[in-house]
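Residue-level structural notes
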Amino acid sequence: MKSVERSVPADAAALGAFIDKLVEALPTWVERERVRFGLTEALTNALVHGALEIDSSERDADYLRYLDLIAERSIERRDTHKIKVRIDAAELNVTFSVRWTGASCPPPYRSRRHEQSEVSLHGRGLGIIYSCFDDVDWDDDGYGMVLVVERSA
């Protein structure tokens, strides 16, 4: 089994390149674009809602202010808040363990059932995460999640 551990500061500007490096480290059998899509959603949620502690209601109230808030908090917290990802690659699966500092994910959002409503104002990205990975589990404290991709037979 191959393990790789990386961390990225809580800085929106650094997230895209970080995800690219994670995807580059994957075994060749992994469907890279599916994983990239899911990791982008998961790590964006960990950044915005976790490390930067910005609620979705900010986006709904004033989108431009929401973007400014992401930029401001990225500058304020890039040295103190991190998102860590450990990749464990085995012959039959790849596991991504994601942890962050800041705010935890509220318990109602940790359930796959939460995502059932397509008209929900919040939490729609969770459906993306659940559709991109074969298994999604949350850490009990809400500060992390485990995402698994299974190798097809």
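Everything below is about the structure printed above this text.
Residues numbered from 1 in each chain as written. Predicted model: local features only at pLDDT ≥ 70, side-chain atom pairs only at ≥ 80, totals over all residues. Heavy atoms only, no water.

1. Remarks on the packing of helix H1 (residues 12–24) against helix H2 (residues 32–51)
- Following both chains from N to C, one finds H1 and H2 inclined at 145°, their axes separated by 10 Å at the closest point. Where H1 crosses over H2, the handedness of that crossing is right-handed. Contact residues: H1 offers Ala12, Leu15, Phe18, Ile19, Asp20, Leu22, Val23 and Glu24, while H2 offers Arg32, Arg36, Leu39, Thr40, Leu43, Thr44 and Leu47.
- Across the contact of H1 with H2, the residue classes break down as 9 nonpolar, 2 polar and 4 charged. (Axes fitted to C-alpha atoms, helices over the stretch in contact; angles between N-to-C directions. Helix = DSSP H or I, 4+ residues; strand = E, 2+ residues; numbered from the N terminus. Left-handed = near helix turned anticlockwise from the far one by under 90°. Contact = heavy atoms within 4.5 Å. Nonpolar A, V, L, I, M, F, W, Y, C, P; charged D, E, K, R; others polar.)

2. Quick word on helix H4 (residues 63–77)
- Between the first and last C-alpha of H4 there are 21 Å, a value that for 15 residues agrees with the 21 Å anticipated at 1.5 Å per step.
- Buried within H4 are the following residues: Tyr66, Leu69, Ile70, Ser74 and Arg77. Down the axis, H4 shows its buried residues gathered within 130° of arc, on one side only. Opposite the buried face of H4, at more than 90 degrees from it, the exposed residues are Leu64, Ile75 and Glu76.
- Buried residues belonging to H4 abut H1, H2 and helix H3 (56–61). (Expected span 1.5 Å × (residues − 1). Buried < 20%, exposed > 50% of the residue type's maximum accessible area, 1.4 Å probe, protein only. Arc of directions from axis to C-beta.)

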